[in-house]
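# Observations on chain architecture
So the chains spell out like this:
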Amino acid sequence: MTKIPVYFMPGLAASPSIFERIELPKDTFEMHLLEWFLPNKNETLQSYAKRMAEKVKHDNAVLVGVSFGGVLVQEMAQFLNLKKLIIVSSVKCNSELPRRLKFAKTTKAYKLLPTGLMQDVELLTKFAFGDVLKKKLKLYEQYLHRREKDYLDWAIEQMVCWERVEVDTKVIHIQGDADEVFPVKNIKKFINVKGGTHLMILNRYKWFNQNLPKIILDQEI
């Protein structure tokens, strides 16, 4: 039996290492990790998605995207023949974005973010107050791969200004009901991970290891 190729796209700026705890049965699935590359100057999300889609070397593959990676894989889908399209901790259209991101789009406040600081997460960690914030910054230090200002400015703008209005009905949406970035109150039709936060691909990996194979194979979870 031919193995099912499953491609994983990490979240904004994140390294593919966020999937290091995800394990799918090797006799059935073949895991492939995608990673962010630098966008061209003034590149559209659709153009970037087409270039990323070229890295998917299998027909009838499964595409899994986390957070902004979930937005990207939905744009990639138009260039690919997919078996399944799965998004995690993400949104399916711009109406599912939280109010603060809609406000940021209207006011262009996202352009004021000090993205240059992200190039030195170690420095931010030293000046962080409180153990919780320090722990989060340590996570960012470990898993943030792309810290270039040009990439971060581009990615944040694409996320905030995403133009998709109609939901792709083929999308399978997995969302934690404790997601603080994309709250479920704004989201319709999703598989609920009880207590799952925006980082659940890391801290709820056992749920994914148990249920992702069933979701791909259309089995009841």
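Just above, that's the structure.
So, a few notes on the structure that sits alongside this text. In every chain, residue numbers begin from 1 and rise along the written sequence. Local features in this predicted model are restricted to residues whose pLDDT is 70 or higher, and side-chain atom pairs enter the listing and the counts only when it is 80 or higher, whereas totals over whole chains, interfaces and linings include all residues. As a convention, hydrogens and water are excluded, and side-chain values are obtained from all of the structure's heavy atoms.

Attention now goes to the packing of aromatic side chains. The description of two aromatic rings rests on the distance between their centres and on the angle between their planes. Two rings belonging to Phe, Tyr or Trp (six-membered ring only in the last case) form a pair when the distance between their centres is within 6.5 Å. Interplanar angles under 30 degrees mark stacking, angles over 60 mark edge-to-face geometry, and anything in between is tilted. The tally for this structure, following the rule as stated, stands at 9 aromatic pairs. Summarising the aromatic geometry, the rings of Trp 36 and Tyr 48 are spaced 5.9 Å apart at their centres and angled 35° between planes, so their arrangement reads as tilted. With a gap of 12 residues between them, Trp 36 in the loop between strand S2 (29-33) and helix H1 (45-53) and Tyr 48 in helix H1 connect regions that are remote in the sequence. Pair check on accessibility: Trp 36 and Tyr 48 agree, each one buried. Here the aromatic rings of Tyr 48 and Trp 154 are separated by 4.6 Å at their centres, their planes lie at 40°, and the arrangement is tilted. Pair noted here: Tyr 48 is in helix H1 and Trp 154 is in helix H6 (residues 149-160), with a separation of 106 residues, a long-range link. Like Trp 154, Tyr 48 is buried. Among the aromatic side chains, those forming a connected cluster through ring pairs are Trp 36, Phe 37, Tyr 48, Phe 68, Tyr 151 and Trp 154. Note on conventions: DSSP H or I runs of at least 4 residues are helices, E runs of at least 2 residues are strands, and numbering of each starts at the N terminus. Only protein chains enter the accessibility calculation, which uses a 1.4 Å probe. A residue is then buried if its area is under 20% of the maximum for its type, exposed if over 50%, and partly exposed in between.

Fitting a line to C-alpha atoms yields each axis, with helices limited to the stretch in contact; the angle taken between N-to-C directions then spans 0 to 180 degrees. Two numbers describe how H1 lies on helix H2 (residues 68-76): the axes approach to 8 Å, and their chain directions differ by 80°. One element, H1, and the other, H2, form an angle in the roughly perpendicular class. Residues Leu 45, Gln 46, Tyr 48, Ala 49, Met 52 and Ala 53 of H1 touch H2, and the partners they reach there are Phe 68, Val 71, Leu 72, Glu 75 and Met 76. Looking at the contact of H1 with H2 residue by residue, the class counts come to 9 nonpolar, 1 polar and 1 charged. Note on angle classes: values under 35 degrees are labelled roughly parallel, values over 145 roughly antiparallel, values of 65 to 115 roughly perpendicular, and the remainder oblique. By the convention used here, residues are in contact when the closest approach between their heavy atoms is within 4.5 Å. Put simply, Ala, Val, Leu, Ile, Met, Phe, Trp, Tyr, Cys and Pro go in the nonpolar bin, Asp, Glu, Lys and Arg in the charged bin, and everything else, Gly too, in the polar bin.

Buried residues of H1: Leu 45, Tyr 48, Ala 49, Met 52 and Ala 53, and no others. Taken around the axis of H1, the buried residues stretch over an arc of 140°, which confines them to a single face. Each element contacted by the buried residues of H1 is listed here: strand S1 (4-9), H2 and H6. What the arc measures is the spread of directions leading from the helix axis to the C-beta atoms.

The next thing to look at is the sheet that holds strand S4 (residues 82-88). When DSSP locates at least two bridges between a pair of strands, those strands are taken to pair. Taken in spatial order, the 6 strands of this open sheet run S2-S1-S3-S4-S5-S6, and their pairing is parallel. Edge positions in the open sheet fall to S2 and strand S6 (191-193), since each of these has one partner strand only. If you compare each strand with its neighbour and ignore which way they point, the axes differ by 20° on average.

Let us now look at the nonpolar core. Think of a nonpolar core as a cluster: buried Ala, Val, Leu, Ile, Met, Phe, Trp, Tyr and Cys residues, connected wherever their side-chain atoms sit within 4.5 Å. In this structure, Leu 63, Leu 72 and Met 76 are the most contacted members of the largest nonpolar core, which totals 40 residues. Counting only elements with at least two residues in this core, the list comes to S1, H1, strand S3 (61-66), H2, S4, helix H3 (99-107) and H6. With 7 residues, the single largest contributor to this core is H6. Apart from residues no more than four positions distant in its own chain, Leu 63 is found in contact with Tyr 7, Leu 34, Val 56, Val 73, Met 76, Leu 80, Leu 82, Lys 84, Leu 85 and Ile 86.

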